[in-house]
Amino acid sequence: MTEPLLEIDALNVTYHTDQGKLSALRGASLIARAGEVIGIVGESGCGKSTLAASVINLLPQAAEVTSGAVRYKGADILTLPPEAQRALRGQDIAMIFQDPMTAFNPVLTIGAQLIDFQHAAQIPRAEKLARARALLSRVGMPDPDLTLRRYPHQLSGGMRQRVAIAAALLMNPTILVADEPTTALDVTMEAQIIHLLRDLRRDYQGAILVITHHLGVVAELCDRVYVMYAGEVVEEARVDDLFHAPRHPYTRALIACDPGHFEQATPILPTIQGRLPDLRNPPTGCSFAPRCPLAEAICATPPPRVPISLTQSALCHKAGGQP
Amino acid sequence: MLTYAIKRAALAALILFVVMLAMYGMVFLVPGDPASVALGPRATPALKAMLTERMGLDQPVAVQIWRFFANAAQGDLGIDVWSKRPVLDQILEAFPQTLLLGTVALSWALTLGITVGVLAVVYRGTFIDRALGLVSVSFISVPSFVVAIYLLLIFAVWLQWLPAIGAGKAGDIPSQIKALILPSIAVGIGWVGYLARMVRASMLEIMAANHIRTARAFGLPERRVVTRYALRLAIVPTISVIAVGLGSILSSAVFVETVFSRPGIGTLITGAVFKRNYPVVMGTVLFTTAFYLLVITCADLLIAKLDPRVRDALAR
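Residue positions within a chain follow its written sequence, with the count starting from 1. Here the convention is simple: chains get letters from A, ligands get numbers from 1, in the order in which they are written. Where local features are concerned, this predicted model is filtered to residues with pLDDT of at least 70; where side-chain atom pairs are given and counted, the filter is 80 or more; whole-chain, interface and lining totals use all residues.

### Section: the overall build of chain A
We apply this condition: Helix and strand labels come from DSSP, where a helix needs a run of H or I of at least four residues and a strand needs a run of E of at least two; each type is numbered from the N terminus. When we talk radius of gyration, it's over C-alpha atoms, and the globule rule is simply 2.2 Å times the number of residues to the 0.38. Buried means a residue has 20 or more other C-beta atoms within 10 Å of its own C-beta, exposed means 12 or fewer, and partly exposed covers the counts in between; C-beta atoms are placed from the backbone. Residues are defined as contacting one another if the C-beta atoms placed from their backbone atoms lie within 7 Å.
Broken down by element type, chain A carries 10 helices and 12 strands. Over its C-alpha trace chain A gives a radius of gyration of 20 Å, about what one expects of a compact globule, namely 20 Å for 323 residues. Each principal axis of the C-alpha atoms in chain A carries an extent, and together these give about 65 × 50 × 45 Å. Looking at chain A as a whole, 43% of its 323 residues are labelled buried. Residue pairs at least 24 apart in sequence account for 65% of intrachain contacts in chain A once pairs closer than 6 positions are excluded.

Rendered as structure tokens:
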């Protein structure tokens, strides 16, 4: 197997809040290789956006990495000097942010920002402009020249998300992190953006990380999936195995709740009973146990990571049995 | 955009009208008939009657107001009761002095205030931020005339570095600059603190915005993020505050010009009020109100220039 481009190793991140410390990530690990599209799924508050931000070490001020490492091509990003970290951002590792409405500066034109984002490239301005124009047409903007002269508020949400994708591709990054790329969009736009990302991945050499709570996006785009719950990776699997042979009860519950899978109309949408554990005071045993239909006494102790196959594992006492 | 301009002009005219009505009201509420105050206790009734007529105070109020506006519309703000000089001439003589004082005061206050505000944001939460905050708030708290008196005492009386009164000799630019230093500090000092707090608050809000995270995620140098991506946006609300605050600059100029005996609108209007020289009072108020409205309009246009969202909203 090829060397991983990106390796997140047992990462622990704590937020300092008014009500005390909150453990947002608890030993989260992840590996991404060149050419792979990795999905990170989970409900709101499970730590997936924190994981995304830690990839470029742009965590909010209140966050603190208490242990673990984020290795890019073998070197721990978190221990690099700030200037070296900054040199990676946007150049080697690029982000596509969740909310295209607010992701761009409102008083600078799209063109000005797309040129600024190429600040590390030692090429003339005209070349940067040409590159921005080429990428805008690559992501399907109908009139790239006009778009360059536009301000963000003059574009629709879907167009802005296309521009955000173009921006992320400007410097040919080896890792592309898309944090909820379709969440702020309506269904039609979402389909178009997914189509665009699928299209882009065909000739993309690096790794793509897609963070989403939408299993449909995962099924459409990803090769491998990490399912997160309460700051932990509870299951890791190839996308086919995830949908056909999920091993963690949380994964099964997520799939059961996805409206996209229903074949008949239902008056009541199924939900997972209960709520996320309080991460200011995380449980010592399995964090999903209080909501789990299979929970037994043993689930009050820390669950093992059970290997199912070379590519699948689940953090569950009960994962060893038949699915 | 044209309808917007017309709306603004109509609003400005209405504001001027209301301000002048209010001024008329205040003039008649102030105790003492202008003619007797002006002439003193030993004036004869005949003399009083003559002055009352000359001031036009024998006419009904409505007629007085109508005359005032009709003349003002033609650029005639009336005649000084005492010196018989046209009021407009006196204003045009005094105004550049006040404008110079205000501009110099605001320029250094802006430079220092924005710098302090940005530094406080860059070093937020540290000792530097707290120290700058303390200094800013104390600058806001001291009244300009108190600052003026202490500046006079320290730099003009004790150290004798700078002149105490006047605006310097005509044609002698170094002396004019020297005479401008203390008054402009007195006028501007409160603004430094105020602008610093303002810029700090709006910068803090903007630095937490998503687009700042985007700029950082593309590895832009922090300096560039602060100046180009955050400050450009933080300056927009500051501009309208400055424009609105120009009124307080003009009123602190009244105190400061009095303390430093500088010629200017402040000296002109206080002198006229004491002598019940109503044409000068009215003319000056009309002029400064008009100037103020002009500045606010310019500020709005500047904001529209800096913020494309405002520009598009106006174009609609």
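Continuing now.
### So, the interface of chain A and chain B
Cut-off, in case you're wondering: For this classification, the nonpolar set comprises Ala, Val, Leu, Ile, Met, Phe, Trp, Tyr, Cys and Pro, the charged set comprises Asp, Glu, Lys and Arg, and every other residue, Gly included, is treated as polar.
In this complex, chain A contributes 23 residues to the contact, which on the side of chain B involves 19 residues. Looking at the side of chain A that touches chain B residue by residue, the class counts come to 12 nonpolar, 7 polar and 4 charged.

### Observations concerning the sheet that holds strand S10 (residues 232–238) of chain A
Residues and elements named next belong to chain A. The condition that has to hold: Strands are labelled as partners when DSSP assigns at least two bridges between them. Only C-alpha atoms enter the line fits that serve as axes; for helices the fit covers just the stretch in contact. Angles between N-to-C directions range over 0 to 180 degrees.
Read across the sheet, 8 strands follow the order S6-S7-S8-S3-S9-S10-S12-S11 without closing on themselves; strand pairing throughout is mixed. Looking along the sheet, the strands with just one partner apiece sit at the ends: strand S6 (93–96) and strand S11 (305–307). Pairs of neighbouring strands in the sheet enclose a mean axial angle of 20°, with direction left out of account. Of the strand pairs in this sheet, S11 and strand S12 (residues 313–315) are connected by 3 bridges, and their pairing is antiparallel. Paired with Pro-307 across the bridge in S12 is Ser-313. In this fold helix H1 (residues 48–55) packs onto strand S3 (37–41), S6, strand S7 (175–179), strand S8 (207–212) and strand S9 (224–229), with an angle of close to 150° to the strand it touches most, S8. Here helix H10 (residues 249–257) sits on the sheet and contacts S9 and S10; the angle it forms with S9, its principal contact strand, is near 100°.

### What about the nonpolar core?
Quick note on the threshold: Take the buried Ala, Val, Leu, Ile, Met, Phe, Trp, Tyr and Cys residues, join any whose C-beta atoms are within 7 Å, and the set you get is a nonpolar core.
The biggest cluster of nonpolar side chains holds 158 residues, and the ones touching the most others in it are Ile-38, Leu-209 and Val-210 of chain A. Among the elements that take part in this core, helix H8 (residues 173–207) of chain B stands out by supplying 16 residues, more than any other. If we ignore the near neighbours within four places in the chain, the residues touching Ile-38 of chain A are Ala-32, Ala-207, Ile-208, Leu-209, Val-210, Cys-222, Arg-224 and Tyr-226 of chain A.

### Some details on the pairing of S8 of chain A
Residues and elements named next belong to chain A. Stated formally: With its strands directed away from the observer, a crossover is right-handed exactly when the path from the first strand over the helix to the second travels clockwise.
With 6 of 6 residues buried, S8 is to be regarded as a mostly interior element. Of the two faces of S8, the one lined by Ala-207, Leu-209 and Ile-211 and the one lined by Ile-208, Val-210 and Thr-212 are each fully buried. Here 5 bridges tie S7 to S8, and the two strands are oriented parallel to one another. Looking across to S8, one finds that Asp-179 is bridged to Ile-211. With helix H7 (residues 187–202) bridging S7 and the parallel S8, this β-α-β connection has right-handed handedness.

### Concerning the sheet that holds strand S1 (residues 4–17) of chain A
Residues and elements named next belong to chain A. Spatially, 4 strands are ordered S2-S1-S4-S5 in an open sheet, and the strand pairing comes out antiparallel. The sheet terminates laterally at strand S2 (20–33) and strand S5 (75–76), the two strands that pair on one side only. Pairing of strand S4 (residues 63–72) with S5 involves 2 bridges; the strand directions are antiparallel. Note on S5: the bridge partner recorded for Arg-71 is Asp-76. Contacts from H1 reach S1, S2 and S4 within the one sheet, and its direction differs from that of S1 by about 120°.

### Describing unusual backbone geometry
Backbone geometry at Asn-172 of chain A places phi at a positive 55°, although glycine is not the residue there. Position of Asn-172 of chain A relative to the elements: it lies in the loop between helix H6 (157–169) and S7.

### Section: the packing of helix H1 (residues 2–29) of chain B against helix H12 (residues 278–306) of chain B
Residues and elements named next belong to chain B. Under the convention used in this document: Throughout this description, any angle smaller than 35 degrees is read as roughly parallel, any larger than 145 degrees as roughly antiparallel, any in the 65 to 115 degree range as roughly perpendicular, and the remainder as oblique. Crossing chirality is assigned from the near helix's rotation relative to the far helix, an anticlockwise turn below a right angle marking it left-handed and a clockwise turn marking it right-handed.
Following both chains from N to C, one finds H1 and H12 inclined at 150°, their axes separated by 10 Å at the closest point. As summarised for this structure, H1 and H12 are arranged roughly antiparallel, according to the angle between their axes. For the crossing formed where H1 meets H12, the hand is right-handed. Residues Arg-8, Ala-12, Ile-15, Leu-16, Val-19, Met-20, Met-23 and Val-27 of H1 form the contact with H12, whose own contacting residues are Tyr-278, Met-282, Val-285, Leu-286, Thr-289, Ala-290, Leu-293 and Thr-297. Across the contact of H1 with H12, the residue classes tally to 13 nonpolar, 2 polar and 1 charged.

### Remarks on the packing of helix H11 (residues 265–274) of chain B against H12 of chain B
Residue and element names in this part refer to chain B. The contact between H11 and H12 brings their axes to 9 Å, and the two run at 145°. Crossing handedness for the pair H11 and H12: left-handed. Counting all contacts with H11, which are made through Ile-265, Leu-268, Ile-269, Ala-272 and Val-273, the residues of H12 involved are Val-280, Val-281, Thr-284 and Thr-288. Looking at the contact of H11 with H12 residue by residue, the classes come out as 7 nonpolar, 2 polar and no charged.

### Side note on the environment of Arg-200 of chain B
Residue and element names in this part refer to chain B. One can find Arg-200 in helix H8. Spatially, the C-alpha atom of Arg-200 lies 36 Å from that of Thr-270, the residues being 70 residues apart in sequence. What Arg-200 contacts, discounting residues up to four positions off in sequence, is Gly-117, Ala-120 and Val-121.

### Points about H7 of chain A
All names here are of chain A. Put simply, the rule is: Take the number of residues in a helix, subtract one, and multiply by 1.5 Å to get its expected span. Note that the arc is computed from the directions linking the helix axis to the C-beta atoms.
For H7, built from 16 residues, the straight-helix expectation of 22 Å at 1.5 Å per residue is met to within 8% by its first-to-last C-alpha distance of 23 Å. Among all positions in H7, only Glu-190, Ile-193 and Leu-197 are buried. In an axial view of H7, the angular spread of the buried residues amounts to 65°, which keeps them on one side of the axis. In this structure, H7 carries Thr-188, His-195, Arg-198 and Arg-202 as exposed residues pointing more than 90 degrees from its buried face. If you follow the buried residues of H7, they end up packed against H6 and helix H8 (215–221).

### Notes on the confidence of the model for chain B
Interpretation of the predicted coordinates at a detailed level should be avoided for regions scoring low in pLDDT. All names here are of chain B. We count it as follows: Residue-level confidence of the predictor is what pLDDT reports, using numbers from 0 through 100.
Per-residue confidence for chain B gives a mean pLDDT of 82, with 97% of residues at or over 70. Ranking the helices and strands of chain B by mean pLDDT puts helix H9 (residues 210–217) first, with 90, and helix H2 (residues 34–39) last, with 71. Interface confidence for the predicted complex, expressed as ipTM, amounts to 0.86; the pTM equals 0.79.

### Some details on H10 of chain A
Those residues of H10 of chain A not exposed but buried are Pro-249, Tyr-250, Thr-251 and Leu-254 of chain A. Buried-residue contacts for H10 of chain A involve H8, S9, S10 and helix H9 (239–244) of chain A.

### Thoughts on the pairing of S4 of chain A
Bridging between S1 of chain A and S4 of chain A involves 8 bridges; their strand directions are antiparallel. In the sheet register, Thr-14 of chain A faces S4 of chain A, and the bridge partner there is Glu-64 of chain A.

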